[in-house]
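The chain contents come next:
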Amino acid sequence: MLHVCSLSKLNETVAKAGARSVVTLINAEMDVPTPAGVSPDRHLFLAFNDIVEQVALLTPPNEQHVEDLLAFVREWDRKAPMVIHCWAGISRSTAGAYVAACALNTEADEYRLASALRETSPSATPNARIVAMADKLLGRDGRMIDAIRGIGRGANAFEGTPFIMPID
């Protein structure tokens, strides 16, 4: 299973889920120790800001970040859950979860996965830049982009509620 949460819920989510893999999508200056029970080599830390266009003094997600995410997800043995988190559990992490679901299910319908994301997380507002780069890298011909556009902006929230992203 693929769990999604905010930074404030990370340790709790990892413990409850019994996760053995973690993806951190957060600003570079944030110190996020590897949670108990997770081997450091199964904690991917990708440092970038939650932006979709270049902004002075901020780091946007780039193609290398998405390639690293895809490689990590593909190496996951799926014997124990994975947790993907960001600061608020709303944008970077939901994009990461959607990208992971698409990568793990090469034949899955992008619109069905986006709909499942919306059903499980009313506040999900996936980072469009991450989704667009993954769409290109996965050869989805714009369908991932269109599917996420189709679910629209999520409900306003300061912090997302932890959820499980369907991956099958």
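Located above this text is the structure these notes cover.
So, here's what we can say about the structure. (Residues numbered from 1 in each chain as written. Predicted model: local features only at pLDDT ≥ 70, side-chain atom pairs only at ≥ 80, totals over all residues. Heavy atoms only, no water.)

Turning next to the packing of aromatic side chains. Going through the model one piece at a time under the given rule, you end up with zero aromatic pairs. The ring of tryptophan 76 carries arginine 78 above its face, with NZ or CZ at 5.9 Å from the centroid. (Phe/Tyr/Trp six-rings, centres within 6.5 Å; stacked < 30°, edge-to-face > 60°. Lys NZ or Arg CZ within 6 Å of the ring centre and 35° of its normal.)

If you walk across this open sheet you meet the five strands as S3-S2-S4-S1-S5, and the pairing is mixed. Looking at the sheet topology across the chains shown, the edges are occupied by strand S3 (43-47) and strand S5 (163-165). Shown here is a sheet whose adjacent strand axes are inclined to one another by a mean of 20°, direction ignored. Two strands pair when backbone bridges link them, and strand S1 (residues 2-6) and S5 are joined in this way by three bridges, in the antiparallel orientation. (Pairing = 2+ DSSP bridges. Helix = DSSP H or I, 4+ residues; strand = E, 2+ residues; numbered from the N terminus. Axes fitted to C-alpha atoms, helices over the stretch in contact; angles between N-to-C directions.)

Turning to the layout of surface pockets, a few remarks are in order. For the largest pocket, the calculated volume is near 220 Å³. Surrounding the largest pocket, 14 residues form its lining, Val52, Pro126, Asn127, Ala128 and Ile148 being those nearest its centre. Among the elements of the structure, helix H5 (128-137) and helix H6 (143-151) are those that each provide at least two residues to the lining of the largest pocket. (1 Å grid on protein atoms, 1.4 Å probe; cavity = no way out; pocket = protein on both sides within 12 Å on 5 of 7 lines; lining within 4 Å. Points joined across faces, edges and corners; volume = space filled by probe spheres on them.)

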